[in-house]
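Here is what each chain is made of, one letter per residue.
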Amino acid sequence: MNRLFLFYIILLPVLFHSCKSEEKKKFLIGVSQCSEDMWRQKANNEMLRELAFYPNLSIEIKSVKDDPSQQIKDIGYFIEKEVDLLVVSPAEGSALTPVIQKAFGAGIPVILFDRRIDSEDYTSYVGADNYELGYEAGLYIAGLLNGKGNVVEIRGWDKVTAEVERHNGFSDAIQRYPDIKVIARPHGDFLKEAAEQKILEVIQMNEPVDVIFALNDAMAIGANKAYERYSGKRPYIIGVDALPGEGGGIENIQNSLQDASFIYPTGGDKVIEVANLILSGGPFKRENILYTAVVDKNNVRMLQLQTEQISEHQDKLETMNGLLNNSLIQYSNQQAMFYGTILILVLISILLFVSIIAYRNKSRTNRLLEEQKNQLISLSRQLEEATHAKLVFFTNISHEFRTPLTLILGPVETLLSGSNLSDEQKKLLDLVKRNSNMLLNLISQVIEFRSHENGKMRAYFSRSDIKLFLEELNIVFSDYAKRKQVDFSFEATDNTLDMWFDKEKVEKIYFNLLSNAFKHTERGGIIKTSLRKEIMEGKEFAKIEVYNKGKAIPQDKIKSIFERFYKVNPNDAGTGIGLALTNALVDVHGGKITVESKESYGTVFAVWLPMEQIPQDIAEQDDIYDNSFTKNLLAAEPDHRSDNILPASVSDTDKPLILLVEDNTDMRNYMRFVLQNDYTVIEAEDGDKGIEKAIKNVPDVVISDIMMPGKDGFSVCQTLKENVSTSHIPVILLTACSLDEQKAMGFESGADAYISKPFNADLLKIRLRKLIENRQKIIESFGKSLINDTKKTTLAETEQNFIDNFRKYIEEHISDPELNLDEVAKNMGLSKSQLYRKIKSLTDYSPNELIKIIRLKYARHLLSLKGQNISEVAYESGFSSLSYFTKCFKDFYKENPTEFLAKNKV
């Protein structure tokens, strides 16, 4: 039995391999034709006929009636359809250029057919050389007239490149014969009727016409029609196209409706040939020029016979191709039926075999499944117990935190009530109180959330006017909104709304939603709250809505917004428990909470609270509810308005300049307090503003927090290290997380030091001082090497390249005494002030001092060469005054130029 199964397993792939026919990759070619005239129809037929030789190619043809706007839409359709190759014959070169460039830029190969565009953004061109065709026509006419006579040129549509090139070629050829005059150049727009009307106007000029040259055969027939209305001699009429068939140029010559025509080859077969080479990756020519020849009474009969024979052969080939395709289809169907039958028999045998094996293994599989099920149940219980143990520990430790926090807040409030505090002491104690209250609130949230999970959260209901209740809370929020510079408003549809609710819990719901809205609303933003009665499922509800116009919540994250410890942005401040607790407080009321967020609209949180309750606990006394919750927490919010005042010019102070990048206002205020006596301190509340201030002011050191909204500290550090104006600045990263992986990321981004929170203020100041001292030693060492011409490099590669580029620019313009520092800064990609601080921080010299040193070194080099005059050297080095040069030289080298020259000669 096993041997039989093995035989079928081996046989099955063989059958599949036999059934699978070798298929080439299929390609779709989009063809956009500018018109539907006879010439275009012949070209399209040639393309369709040529496809018989390339079964992996297919085409879709769209034609317009000389309408550029419609052709642009057609090409846009092909781009959207993602065709593999685009063939375009543009109605207007200029108008079609942008959309063809778009297709080419999207990676679609483009073949220009017959006409060109105003760009080189195409893959290949197939068509005649229209300039050469016009030139040949001009020479042919000159031969007919023996160099003397009058000619009328009937032009087409002057926005078509083919028309312009034919006209230019014809004009260049005729200019060689001064006795041939072109007496008129009317535009017939390639149409028979238009050309007939224009020639009627020429006839009325009563000037003799020897030859009419029409830029296509249709206009040549129009010219003949015009002359048929008049008796007398008809001029020699020449056209362009020489198409075979009814109404074509060849038939017109045979019927004496025109005298000659220049063959304008259609080349549809050539287009498909080139397209196949491009799509298959083969070698192809970018310019595929199709050549012309004249057809007149001397050779028209021979061409007609050849054309008829070719047409007959093509008809036979198409018939044979159709028969062959039918045979292949029939063969393919028979082959599929044969292999299908065998496959079905093999599958039946395999199914029988598998059924037997499955029956044998059923009992063993059931045992294994039962064992796995028991293991999963055991793992689930262990996981649940571990999670429960963690939450119990977290809750217990949170309870333990309350005692030390009480012992912190009590003495702090006692000290604050005294009158002997200085302003700095009061600010520090306020900071301690504010952050202790915030920590106490976080602990209360954890404990309250845990009580809900255990089913022990109790609600104390009282019947009251919820509208009046929210309005009283809004008084506190309105003042907070002014501080935050946010437009805050409240709207209620009912004058009163009496209902049962727990005041403390509704206040927390309202506070959490509003504080979340304020956190995600920029200055000048809008926050709206509303209250109205709604009936849902036959019950009355009070619906509270909180709307803020700000950054939307991604749709894939909305479903997780109410999960505990979940944050949309991991870098945002907070614990991620606020909305989870809000959901729990709403659930205690038997209500529901929803959120809707759209990018162009904003975010709306909606809470439905039942107006009727069956309260188990009723608040009968007012002292159960403490209305200070919102006021205390909003008071714990630090004032985000920075009292940091930057000096009018950073260079006005001798203190080192420190940039603090930290999103926590209290932390910025504390660090400024610690550092302000020894340093000039500027601040930024997020990463983007930090980068902006660093580039503008070029500080001596940047201290940045890591966890910030928007750009985090790693991104700030990496951006500053990659920017030419800030790459030299030492960066200290601060974080509350002390994991080695995070430290590695910090050093990878270019950080110079890493300090974990909480940090010792003295340690921070020592680290800052050492960084600046080490930087100063590097600068001094580099300055000495600059003066002594030593090759020792103490700067990092980026800084050394900056100095080298600065020196190179100065040396290229060294003889210019009016060298402008603004131009130097512009060349270095910096502002003048940025260049000053960059050069000063790298060399301890100002840019002008460094330029003077480079000039003196160049002058010393010139003086060391024999035959140099001191005056010439001074001016060649960029000094406008010889006396000033002598003074600078002596100050720098401790000898004047004459002494140096004399010593050098010895």
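Reading the values: the criteria
Residues numbered from 1 in each chain as written. Predicted model: local features only at pLDDT ≥ 70, side-chain atom pairs only at ≥ 80, totals over all residues. Heavy atoms only, no water. Helix = DSSP H or I, 4+ residues; strand = E, 2+ residues; numbered from the N terminus. Buried < 20%, exposed > 50% of the residue type's maximum accessible area, 1.4 Å probe, protein only. Contact = heavy atoms within 4.5 Å. Areas by Shrake-Rupley, 256 points an atom, 1.4 Å probe, with all protein chains shown as cover. Pairing = 2+ DSSP bridges. Salt bridge = Lys/Arg side-chain N within 4 Å of Asp/Glu carboxyl O.

Peer 1: Sorry if this is basic, but what is going on with the overall build of the protein chain here?
Peer 2: Counting its regular elements, the protein chain contains 29 helices and 25 strands. For the protein chain, with 906 residues in total, the buried portion stands at 44%. Long-range contacts, defined as pairs at least 24 residues apart, comprise 70% of the intrachain contacts of the protein chain with a sequence gap of at least 6. Only carbon and sulfur atoms are counted for the fraction: they give 52% of the accessible area of the protein chain, which is about 49,400 Å².

Peer 1: When you look at the pairing of strand 19 (residues 602-610) in this model, what are you seeing that I'm missing?
Peer 2: Remember that side chains alternate between the two faces of the sheet whenever the strand is regular. Buried residues dominate strand 19, accounting for 9 of its 9 residues. The sheet contact formed by strand 17 (residues 539-548) and strand 19 spans 8 bridges and is antiparallel. Bridge assignment links F541 to a residue of strand 19, and that residue is P610. Note that strand 18 (residues 592-598) and strand 19 share 7 bridges and pair antiparallel. Opposite T594, over in strand 19, you have A606 as the bridge partner. Linking strand 18 back to strand 19 in an antiparallel pair, the connection comprises 3 residues.

Peer 1: Whenever I open this one, the pattern of salt bridges confuses me. Can you help?
Peer 2: Scanning the entire structure with this criterion turns up 29 salt bridges. Between K42 and E46 there is a salt bridge, with the nearest N and O atoms lying 2.6 Å from each other. Note that K42 and E46 are positioned in helix 2 (residues 38-50) at a spacing of 4 residues, about one turn of the helix. Judged by relative accessible area, which is 27%, K42 ranks as partly exposed. The class of E46 is buried, set by a relative accessible area of 13%. Its salt-bridge partner being E120, residue R286 comes within 3.2 Å of it at the nearest N-O pair.

Don't take any of this as a statement about function, it's just geometry.
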